[in-house]
Each structure stands twice: as C-alpha cells, then as structure tokens.
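# Structure at a glance
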Amino acid sequence: MVDGKASPSVQGFTLLEALIAMVLSSVVVMLVTSVFVVQNRFYSQVVNRASLHESVRTAAALVSSDLRGLASGGVVAAEPDSVVIRAPLAMGVVCGVDQRKAYVFLPLGGSAFRADEVSGYGLRDAAGSWSYTSAEWSSVHRASGPGPAGVCAGVGAEVEGVSEDFHRLDDLAGSGALKVGDMVMVFQERVLKIGVSALDPSSKAIYRGRPGGTLAEVATGLSEESGFWYGTPAEQGLRRWVRGRGNLEGVNKIQFVAAGAAPSGRLGVSPSTFQLTVTVPPKNVR
Amino acid sequence: MCAEAGGPGGRNEGGFALALVVMLLFAIGAAGTVGYQIVRSEAFQAQLASEASQALAVAEAGLQWFTASQQGTVRDTATHAVNGGIARVSTRKVLEVSPHEDLFLVTSRGIFTDPRRPRMPAVRTVSQYALHSRMPLRPMAALVATSPRVRVRGSAVVDGADQSPVGECPAAPHPSVAGVLARANVQTWGGGRVSGTPQSMTLGSFASVVQAVGLPWKVLIDPSFPVEYDDRWPAFASLGEMVLPAIRVKGDFAPTAGESGRGLLIVTGTLGIPDGSQWEWKGVVLAGDLANVGPNTGFALEGLLVAGQGSSMGNWDMDSGRVVFHSCYALQAGAAVARLVPVSGTWFQGF
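Summarised in this report is the structure supplied together with it. (Residues numbered from 1 in each chain as written. Chains lettered and ligands numbered in written order. Predicted model: local features only at pLDDT ≥ 70, side-chain atom pairs only at ≥ 80, totals over all residues. Heavy atoms only, no water.)

## Some thoughts on the interface of chain A and chain B
The test is simple: Two residues qualify as a contact provided that any one of their heavy atoms is within 4.5 Å of a heavy atom in the partner residue. Buried area counts how much accessible surface, traced with a 1.4 Å probe, disappears from two parts once they are put together, with both parts' losses summed. A pairing counts as a salt bridge when a side-chain nitrogen of Lys or Arg comes within 4 Å of a carboxyl oxygen of Asp or Glu. Pairing of N or O atoms within 3.5 Å defines a polar contact, subject to two protein rules: one partner must be a possible hydrogen donor and the other a possible acceptor, and residues neighboring in sequence count only if both atoms are side-chain atoms. Segments assigned H or I by DSSP are reported as helices when at least four residues long, segments assigned E as strands when at least two residues long, and all are numbered from the N terminus.
Each side of the interface is counted separately: chain A has 49 residues, and chain B has 40 residues. In this assembly, chain A packs against chain B so that about 3700 Å² is buried in total across both faces, 68% of it on carbon and sulfur atoms. Three residues stand out in chain A for area buried against chain B, namely Y43, E158 and K283 of chain A, and they jointly supply 13% of the buried area on that side. Connecting chain A to chain B are two salt bridges. Notably, a salt bridge pairs K283 of chain A with E60 of chain B, separated by 2.7 Å at the nearest N-O pair. For the interface between chain A and chain B, the tally reads eight residue pairs in polar contact (both at pLDDT 80 or more). Elements represented by at least two residues in the side of chain A that touches chain B include exactly helix 1 (15–68) and strand 2 (82–98) of chain A.

Have a look at this one:
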C-alpha cells in the first residue's frame with residue numbers, strides 16, 4: 001500500500017509460460033536457421049556452377065573462334081593439351097606486281113590493326129594450298145594509301161574511300177612468281193594451351209598468346225579431362241595428336257573438350273562438373 | 001483502475017521470437033537478393049555469349065545467302081533477315097580477273113539484338129572473296145556440240161572470229177575462238193565453211209568437252225533456277241534494244257522467224273530448226289540436244305551455240321544456216337544468269 005491506495009497489478013510470466021515461449025521460440029529459430037542454411041547452400045551451389053559454366057563457355061568460345069578461320073597448313077603444332085596455329089588476321093589479293101614490289105588489297109581494319117600482331121604472311125597457290133613465311137609486318141610493308149590504290153584501280157579495284165586497304169609489300173617470298181590475282185594472308189601465330197592455373201593452382205586453365213611470349217590465362221576452372229582432338233580426312237574419328245605423328249597439313253577438324261570441375265565447398269556444397277565439346281572444321285581447309 | 005503497460009487493455013509479454021524471425025527473414029532476403037544478382041549476372045554473361053554466337057551465325061548465313069542468291073549484276077549492298085537477326089551484306093570489286101570475271105570481297109555484318117537490350121546489339125563480321133563470272137560458260141568455240149562427229153555442209157557457215165566491233169562492249173573484240181568444238185571429228189563438206197582460231201577442236205570425250213566449257217547445265221535447267229521468261233516468250237518489241245533476257249523453254253523447240261530475238265535461250269530438250277525457218281538470234285543458245293539442220297533454213301545465230309551438255313549427243317549435221325561468234329551479245333546474254341562463286345579458302349572473320 002502506498003498512500004493508502006492499492007498498487008497496480010503487474011502480472012509476470014509464470015514458469016510454465018516462460019518454458020512454452022522458449023520451446024516455441026527454439027522451434028521457430030531452428031526452422032528459420034535451417035531454411036537459411038539450405039538457402040545459403042543453394043546460393044553457394046549456384047554461384048559455384050555459374051562460375052564453372054562461365055569458365056567452360058569462355059574457353060570453348062575462344063578456342064572455336066580462333067580455330068574457325070584456319071586455312072590449310074594452319075596448324076603448326078598439335079598436342080593433347082596445346083595447339084599452335086596460324087590465325088588469319090586478314091586475307092587479300094595481289095592487284096599489281098612490279099619486280100619485287102607487290103601491290104595488294106588487304107582489308108586490315110584501319111585503326112583496329114596492330115602491326116605487332118602480325119607473325120607473317122601466306123601466299124595461296126593455284127591449287128588452293130597456302131605457303132607461309134614468318135616475317136614482321138615492318139619488314140615487308142612499305143606503303144599504304146593512294147599510291148598502291150592507284151595501281152589496283154588500274155585493274156578494276158574500287159578504291160574510293162578505302163585507299164588505306166591497299167598496300168605495297170616488298171620482297172615477299174617467291175615474289176618472282178607472284179601474279180595479279182594471287183591471294184595473300186597475314187596471320188598471327190598463336191598458342192592455345194591447357195596448363196595449371198596461376199590463379200587457382202588446384203585447377204587448369206586455358207592460356208592464349210604468341211609462341212615464345214607470355215601467355216595470358218583466359219579461362220580458369222578446367223579439369224584434367226580438357227584437351228584437343230584432331231581429325232584428318234584419311235582417318236575415321238578424332239584422335240589425340242603426339243608431336244611428330246602424322247601430317248599436320250591434313251588436319252581438317254579440331255575438337256576441343258572444355259571440361260570443368262568445381263570442388264565441394266562450405267556448408268556441404270557438393271562438387272559439380274560441366275563439359276562442353278566443340279568440334280571445329282576450319283572453314284578454309286578443303 | 002489498473003494501468004497495464006503495453007497499452008490499454010493489453011499485456012506486455014516482451015517476446016523476442018518475432019524480432020528474431022524478422023531479422024532472419026531479412027538476412028535470408030538479403031542473401032537471396034545477392035544470389036539472384038549473381039545468377040542474373042551470370043545469365044547475362046551467358047546471354048551475351050549466346051548473342052555473339054547468334055550474330056556470327058547470322059553473318060555467316062547472310063554471306064551464304066548472298067552468294068547463293070546473287071544473279072546478274074552484283075549488288076553493292078543487301079540486307080537479309082535471318083535467324084532472328086539482320087545480315088547487312090556489302091560487296092567491293094577488287095580485281096577484274098578477265099573481261100568476263102571480276103573478283104569481289106563480300107562482307108557480311110551479322111547483327112543480333114535482344115529486344116530487352118536494343119542498345120546493345122551483338123555484331124560479328126565475316127568476309128569471303130567470290131568470283132563473279134558474267135558468262136555462264138567459257139567461250140571455247142562459236143558452236144559446241146558433244147557429238148562424236150560434226151559435219152558442216154552445203155551453205156552452212158560457222159565462224160569463231162569475233163563479230164563485235166571495237167568499243168561495243170568492254171574488251172571487245174574478244175580474241176577469236178574455235179569455229180567448232182566437238183568430241184572426236186569435225187568435217188566440212190560440199191561448200192560448208194568452218195573458220196576460227198583454231199578452225200575446230202576435239203577433246204575426245206563427253207566429260208572433257210563438258211569440263212572445258214564449264215557450263216552449269218543442271219543448274220540452268222532446274223525449275224527452281226529463276227529466269228526472266230520461264231516457258232513463255234517475251235515481247236521483244238517492248239523490251240529495250242539493249243535488254244537481252246534469259247528465256248527457258250521446257251522440252252523441244254522448233255523456232256520460226258516469228259520467234260527471232262535476243263538473249264540467253266535455254267532449250268531443255270532438242271532444238272530443231274525446221275526446214276525453211278528464217279529464225280535469227282543474238283546472244284547465247286544452250287540446248288539439251290540438236291536435231292540435224294536441213295539444207296533449206298536461213299537461220300542465223302550471232303553469239304554462241306552450245307548443245308549436249310547434259311548427255312552426249314549423236315552425230316550431228318548442219319546443212320544450212322550461220323553461227324558466228326559475237327562476244328558482246330554472248331556477254332550481255334550471259335550476264336542475266338551471272339553467278340557469284342565463293343573462292344575456297346578465303347573466308348575470314350573481320351575486325
């Protein structure tokens with residue numbers, strides 16, 4: 001009693017109420033936690049798989065893009081885990097010959113073209129086979145623009161507005177035998193190699209670059225099953241290639257198996273694998 | 001009156017479960033949102049890769065469509081909707097290989113746009129060289145027949161010297177061609193005259209003659225190959241003087257003076273010039289077979305006559321009429337069915 005009045009009645013929890021509340025709360029917390037854990041595991045799984053798929057897809061797209069334009073003799077070296085190719089940067093046609101000078105229409109893409117990307121050039125014979133010569137662009141390229149365009153205009157080439165696509169190339173191999181109408185290619189020698197990833201040493205990666213130069217890691221997360229397979233018209237099916245076995249001139253089909261594996265992760269994320277196989281018949285190989 | 005905490009008539013039971021649930025739901029929502037964003041981003045990357053592939057397929061399809069459908073004069077540009085994308089094809093002449101052949105660079109730019117991202121189209125460019133032959137055949141002789149024996153007799157004349165005057169068409173006059181090309185034997189009898197450089201040629205076999213001429217006979221007689229006049233006859237009077245149309249006659253054809261005209265005439269069956277016919281033609285005549293020409297025709301053909309490209313002919317006699325080589329008429333007539341032939345091994349992906 002305070003001041004002679006009754007104090008307000010404040011009812012507390014009984015022990016039973018508290019116990020029931022705690023049990024119910026625990027059940028709710030357990031349910032919510034399990035939902036959260038499951039959801040988190042699913043999320044991790046999806047992220048894992050997404051990353052794996054992206055790696056494999058990137059590798060397959062890049063390799064098939066590089067292989068698609070190969071011409072006959074475009075495979076320099078072939079091994080189960082690497083291939084060295086001559087990737088055409090552009091193809092052109094001889095429209096004038098003056099002793100050791102060749103005037104050539106060669107659409108190099110203007111400002112997009114980088115001379116240091118050129119590893120050499122190829123010349124196509126009447127039978128459609130290419131012969132390749134390694135050379136720096138600066139060692140053969142003498143001029144571009146109106147001069148060479150003028151020569152080519154004389155044999156019917158449309159030159160208006162595109163004179164930068166006409167070039168004078170000197171001292172091409174066999175220039176004595178060159179004639180108007182011969183096809184010319186500039187190519188880049190390129191390595192595609194499967195090796196241990198520098199970013200994730202537990203997996204493999206596809207590397208791309210110039211032979212003898214630094215190779216760039218362009219797709220990670222590949223597994224041991226990744227590799228190159230080769231086909232020739234003379235043989236049924238595709239096979240692994242061991243250097244020195246067979247004639248690379250005859251390769252008319254290259255298969256790239258991009259296999260990836262994501263290891264198991266936290267929260268019981270299960271391991272996953274993904275494989276994409278692309279078979280590329282190079283378009284310029286007859 | 002008792003005042004109860006927590007509002008009038010209520011009781012403050014101070015539970016924490018609701019707060020915990022709200023907090024966990026928020027955490028789950030946040031994690032879900034992050035997960036969704038990552039998956040969406042990956043899906044976006046996959047979509048971009050897919051669009052790039054689609055654009056390449058569109059470019060490639062555009063290139064093939066253009067070269068396959070090209071007929072007559074080569075267009076500078078063309079647009080083709082294919083596989084949900086658009087291929088913009090452009091051509092550039094890079095070389096005149098011969099008076100009848102030009103080399104073109106055909107470039108196809110494939111554009112594939114996802115309607116959800118109209119400002120971000122995927123673009124790929126492919127190119128290939130293609131040879132445009134303005135003549136559907138090599139002009140080997142004024143008269144080509146796959147007969148083992150051709151006899152030119154009586155008043156018949158075959159001449160391989162070009163009748164085109166200088167300047168009538170590019171590269172005119174053409175160097176003289178042979179008078180007659182046959183399989184094994186060309187004879188002139190009783191006043192018949194064959195001239196040309198050489199006078200006549202024989203190549204031994206049906207296949208050799210067909211290969212030397214290079215005429216896509218099966219293509220030309222295929223009903224799906226489009227010609228301007230298919231089994232119907234043009235009103236030449238209403239056509240321009242310089243228009244030499246392509247005409248295909250299905251089956252045998254026995255022309256009379258009223259059917260004189262000009263252009264590329266394809267007779268899928270046998271061309272039989274009736275006795276007394278004064279038929280005149282300027283251009284190229286291609287026939288599945290030839291009936292012997294009797295002694296009383298006045299037919300005259302300026303251009304080229306090629307017969308028996310589908311199957312070998314029997315011996316053939318020409319006892320009257322005149323076949324003379326005219327390169328300009330042949331060229332103008334052949335242009336109606338001129339085709340683009342891709343040069344193998346020259347495909348490349350552009351910048």
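This is not the end of the story, as more comes after the structure.
## Some thoughts on the sheet that holds strand 17 (residues 316–318) of chain B
All names here are of chain B. Under the convention used in this document: By definition, two strands form a pair when at least two bridges between them are found by DSSP. Fitted lines through C-alpha atoms serve as axes, helices being fitted only where they are in contact, and the angles separating the N-to-C directions of these axes extend from 0 to 180 degrees.
The strand order across the open sheet formed by three strands is 9-6-17, and the pairing between neighbours is parallel. Each edge of the sheet is formed by a strand with only one pairing partner; in this case those strands are strand 9 (185–189) and strand 17. The sheet shows a mean angle of 15 degrees between the axes of neighbouring strands, taken without regard to direction. Pairing of strand 6 (residues 149–153) with strand 17, which is carried by three bridges, proceeds in the parallel orientation. The residue of strand 17 that forms the bridge with R151 is D317.

## Let's talk about the pairing of strand 8 (residues 183–196) of chain A
Residue and element names in this part refer to chain A. In plain terms, the rule: Exposure is judged per residue with a 1.4 Å probe applied to protein chains only, and the accessible area is read against the type maximum: over 50% gives exposed, under 20% gives buried, and values in between give partly exposed.
Counting buried residues in strand 8 gives 12 out of 14 residues, a clear majority hidden from the surface. Alignment of strand 2 against strand 8, held across 11 bridges, turns out to be antiparallel. Counted as the bridge partner of I85 is R190 from strand 8. Pairing of strand 8 with strand 9 (residues 204–209) involves six bridges; the strand directions are antiparallel. Each residue of the ladder has a partner; that of K193, found in strand 9, is Y207.

## Considerations on the state of the cysteines
Residues and elements named next belong to chain B. Defined as follows: Disulfides are defined as pairs of cysteine sulfur atoms found within 2.5 Å of each other.
Summed over all chains, the structure comprises two disulfides over all chains. Covalent S-S linkage joins C169 and C328, the inter-sulfur distance amounting to 1.9 Å. Because the sign of the S-S torsion sets the handedness, a value of about -85 degrees for the bond joining C169 and C328 places this disulfide among the left-handed ones. Pair noted here: C169 is in the loop between strand 7 (157–159) and strand 8 (178–182) and C328 is in helix 4 (residues 327–334), with a separation of 159 residues, a long-range link. Taken individually, C169 and C328 each receive the classification buried, so the pair is uniform in this respect.

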